[in-house]
Amino acid sequence: MNNVIIREIEEKDNIEVAKVIRKVLLEMGVPKVGSAYEDKFLDSMYENYNVPKATYFVVEEEGNIIGCAGIAKLENYEGNVCELQKMYFLEEVRGKGVGTKMIDVCMQKAKEYGFNKCYLETMPHMKAAQKLYVKKGFTYLDGKMGDTGHYSCSVWMIKELS
């Protein structure tokens, strides 16, 4: 994990990022409908995040993409809230501190963009991810915010940015 770098996505990363996301979603037993799996832009993440107040990051080790996550304005929500989006890591890097670093990078970018809060959605059985989110200051919500279209994600969390 010494050779790991976190950097902004480049257009050339699109294919590998989509592979990583789909692999992790299938491995985690996430439904293909009502989740990120069916998002139309999974194959064009660079273009999708190439808009104001949005950035997608990749984790690279020795030229291979091993994880990713992004930050963007929460869709269909009035308010200065961003969403931590599509944070996935290959199995071999989980539990090694990369997720912690990625959240730090994403929260720093969210603050630079001037967001007040960061929202996320996840699956109930993704306990390790929830544990990490709580450790990084996210708290549970009783219901969703905005409308991401990910109706299969029934765990909602929020973090104050200061």
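Residues numbered from 1 in each chain as written. Predicted model: local features only at pLDDT ≥ 70, side-chain atom pairs only at ≥ 80, totals over all residues. Heavy atoms only, no water.

(A) How the structure looks around the packing of aromatic side chains. On inspection of all chains with the given rule, the structure shows three aromatic pairs. Ring centres of Tyr49 and Tyr56 lie 4.8 Å apart, and the angle between their planes is 40 degrees; on these two criteria the pair is classed as tilted. Both residues of the pair, Tyr49 and Tyr56, count as buried. Here the aromatic rings of Tyr113 and Phe115 are separated by 6.4 Å at their centres, their planes lie at 90 degrees, and the arrangement is edge-to-face. (Phe/Tyr/Trp six-rings, centres within 6.5 Å; stacked < 30°, edge-to-face > 60°. Buried < 20%, exposed > 50% of the residue type's maximum accessible area, 1.4 Å probe, protein only.)

(B) Just unusual backbone geometry, in detail. Even without glycine at this site, Lys53 takes up a positive phi of about 55 degrees. By secondary structure assignment, the location of Lys53 is in the loop between helix 2 (45–48) and strand 2 (55–61). Take Lys53: its relative accessible area is 34%, and that puts it in the partly exposed class. Not every positive phi belongs to a glycine, and Lys86 is a case in point at roughly 45 degrees. Here Lys86 shows up in strand 4 (residues 81–89). Accessibility expressed as a relative area gives 9% for Lys86, which makes it buried. (Helix = DSSP H or I, 4+ residues; strand = E, 2+ residues; numbered from the N terminus.)

(C) Inspection of the pattern of salt bridges at higher detail. Considering all chains together, one arrives at 12 salt bridges under this definition. Here Arg7 ties to Glu60 by a salt bridge, and the two come within 2.9 Å at their closest N and O atoms. On the criterion of sequence distance, the pair formed by Arg7 in strand 1 (residues 4–8) and Glu60 in strand 2 is long-range, its members being 53 residues apart. For the pair Arg7 and Glu60, a shared accessibility class is recorded, and that class is buried. Glu27 is paired through a salt bridge with Arg94; the nearest N and O atoms lie 2.5 Å apart. (Salt bridge = Lys/Arg side-chain N within 4 Å of Asp/Glu carboxyl O.)

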